[in-house]
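Observations on the model geometry
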Amino acid sequence: MTKTKILIAITKSVWGGAQRYVFDLALNLPRERFEIVVLTGGEGQLTQRLQEAGIRTLALPLIQEGSDFSKVVFSPHNFILPFRLLAIFLKERPQIFHFSSSKMIGLGGLAAFLYKLGTRNFLSLGNTRDFQPRTIATIHGWPFKEGRSWPAKAVIFFLNWLSMLFQNKIILIGRADLESAKKFLPSKKLCFIPNGAKPPQFLEREAARKFFEEKIGRQLKPSDLVIGTIAELTPNK
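Note that this is a predicted model, so its numbers are computed, not measured.

Helix and strand counts for the protein chain stand at 8 helices and 7 strands. Out of the 237 residues belonging to the protein chain, those deemed buried represent 39%. A sequence separation of at least 24 residues applies to 60% of the contacts in the protein chain between residues at least 6 apart. Put simply, the protein chain shows about 14,600 Å² of open surface, and 57% of that area lies on carbon and sulfur atoms.

Here it is as structure tokens:
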């Protein structure tokens, strides 16, 4: 049986929530049905973990430029990146694109649109009726809801709306984001799929204390209270 090739793309290669989503997706799709390739904007913990798990990765460092609004939106690299991405897509020739970050959804979606035009009109890829690439975007929180100035939010909202035009399906993992999407996107494109999680393996009290002592580099008193959060510590958090 011929495998369907999926190219999963995300901007950052750090180990945050969206990256864990990509990691779990890549590992849990049936290997006998799908060929998985993950494209990231650089090489970090995500790419290391994927490679250790036997998943092929590609890196495009140019797309990973931090979280500064002006750099992300107005970078001159944004004029080059769709064509760099298109070159990768033409080489890999996936049947499904899955984008998991705002910048990759926008620039990757544009590149995938150009790729679709090419496969439909110019490139010889067998029977074009059977070869219909699909684009999917997963929303890990709408960036126009973050604490920014109103002009910045307006620009981001427009770019989000524009980038969604290139997607066949849009996956929402949270109810609030789904309700927001219904106000400016066609319902037929939207798909609500909450994140799944394996049951956690808890440590016994003493083992947990030793674990945290190693992490923080000092001993904890029995009266000490440790408070933590499971999230990437970014400004919007």
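Across soluble globular proteins, nonpolar side chains show a tendency to be buried alongside one another. By size, the foremost hydrophobic cluster in this structure holds 33 residues, and its most contacted members are Leu39, Leu85, Phe89, Phe99, Trp142, Leu172 and Leu185. In terms of residue count, the dominant contributor to this core is helix 5 (residues 102-121) (6 residues). Other than its neighbours up to four places away in sequence, leucine 85 contacts Leu39, Leu60, Ile63, Met104, Leu107, Gly108 and Ala111. Core analysis: the second largest hydrophobic core is formed by 14 residues, Ala18, Val22, Phe23 and Ile55 among them.

Our next topic: the confidence of the model for the protein chain. Looking at the protein chain, the pLDDT average stands at 88 and 89% of residues meet or exceed 70. Per-residue pLDDT stays below 50 along residues 125-129; that stretch engages in 4 contacts with residues further than four places along the chain or on separate chains.

Quick notes on the rules
- Residues numbered from 1 in each chain as written.
- Predicted model: local features only at pLDDT ≥ 70, side-chain atom pairs only at ≥ 80, totals over all residues.
- Heavy atoms only, no water.
- Helix = DSSP H or I, 4+ residues; strand = E, 2+ residues; numbered from the N terminus.
- Buried < 20%, exposed > 50% of the residue type's maximum accessible area, 1.4 Å probe, protein only.
- Contact = heavy atoms within 4.5 Å.
- Areas by Shrake-Rupley, 256 points an atom, 1.4 Å probe, with all protein chains shown as cover.
- Core = buried A, V, L, I, M, F, W, Y, C linked by side-chain atoms within 4.5 Å.
- pLDDT = per-residue confidence, 0-100.

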